[in-house]
Amino acid sequence: MNNEKKTGGPAYPIPGMDMQSTGMNLRDYFAAKAIQSLPQSAHYMKETLKWCSLEGGSIEDALAETAYDIADAMIAFRERNT
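Source: prediction; values computed, not measured.

J.: Would you mind going over the nonpolar core with me for this structure?
T.: Among soluble globular proteins, nonpolar side chains are generally buried collectively. Membership of the largest hydrophobic core is limited to twelve residues, which are Leu26, Phe30, Ala31, Leu38, Tyr44, Met45, Cys52, Ala62, Leu63, Ala67, Ala71 and Ile75. Of all the elements in the fold, those that place two or more residues in this core are helix H1 (26–37), helix H2 (42–55) and helix H3 (59–80). Considering every element that reaches this core, the biggest residue donor is H3, with five residues. Discounting residues that sit within four places of it in the chain, Leu63 has contacts with Ile35, Leu38, Pro39, Tyr44 and Met45.

Next comes the structure, spelled out in structure tokens:
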């Protein structure tokens, strides 16, 4: 089984350019969009603070992990529905 994360390819592909050197991938783009709304959710922040105090992690790590979890879910949904 392949454990490599699917990135969705480049976020802004440039025709004729090497696909590996076009910058941000779709996973990064989705995560960047997702992380913008996370701190605005009081419920999410309450759960994040609880997790940080229990696990000893930082709020930043919790936000980043959640943003990439959302990005992975978006890529998986996109693959199932295209």
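We are not done yet, so read on.
J.: Just to check I follow, could you spell out the packing of aromatic side chains for this structure?
T.: Within a pair of aromatic rings, the relevant descriptors are the distance that separates the centres and the angle that separates the planes. Per the counting criterion, the structure on display carries one aromatic pair. Between the aromatic rings of Tyr29 and Phe30, the centroid separation amounts to 6.4 Å while the plane-to-plane angle is 50 degrees, which identifies the pairing as tilted. Taking the relative accessible area as the measure of exposure, Tyr29 reaches 26% and is therefore partly exposed.

J.: Would you mind showing me how to read the pattern of salt bridges here?
T.: Pairs can form between side chains of opposite charge once their charged atoms are near each other. A complete count under the given rule lists two salt bridges for this structure. Here Glu79 makes a salt bridge to Lys6, at a shortest N to O gap of 3.2 Å. Here Glu79, found in helix H3, pairs with Lys6, found in the segment before H1; they are 73 residues apart in sequence, far enough to count as distant. Note on Lys6: relative accessible area 52%, which makes it exposed. The partner of Asp72 in a salt bridge is Arg27, with the nearest N and O atoms 2.4 Å apart. Here Arg27 lies in helix H1 and Asp72 lies in helix H3, a separation of 45 residues in the sequence.

Reading the values: the criteria
Residues numbered from 1 in each chain as written. Predicted model: local features only at pLDDT ≥ 70, side-chain atom pairs only at ≥ 80, totals over all residues. Heavy atoms only, no water. Core = buried A, V, L, I, M, F, W, Y, C linked by side-chain atoms within 4.5 Å. Buried < 20%, exposed > 50% of the residue type's maximum accessible area, 1.4 Å probe, protein only. Helix = DSSP H or I, 4+ residues; strand = E, 2+ residues; numbered from the N terminus. Contact = heavy atoms within 4.5 Å. Phe/Tyr/Trp six-rings, centres within 6.5 Å; stacked < 30°, edge-to-face > 60°. Salt bridge = Lys/Arg side-chain N within 4 Å of Asp/Glu carboxyl O.

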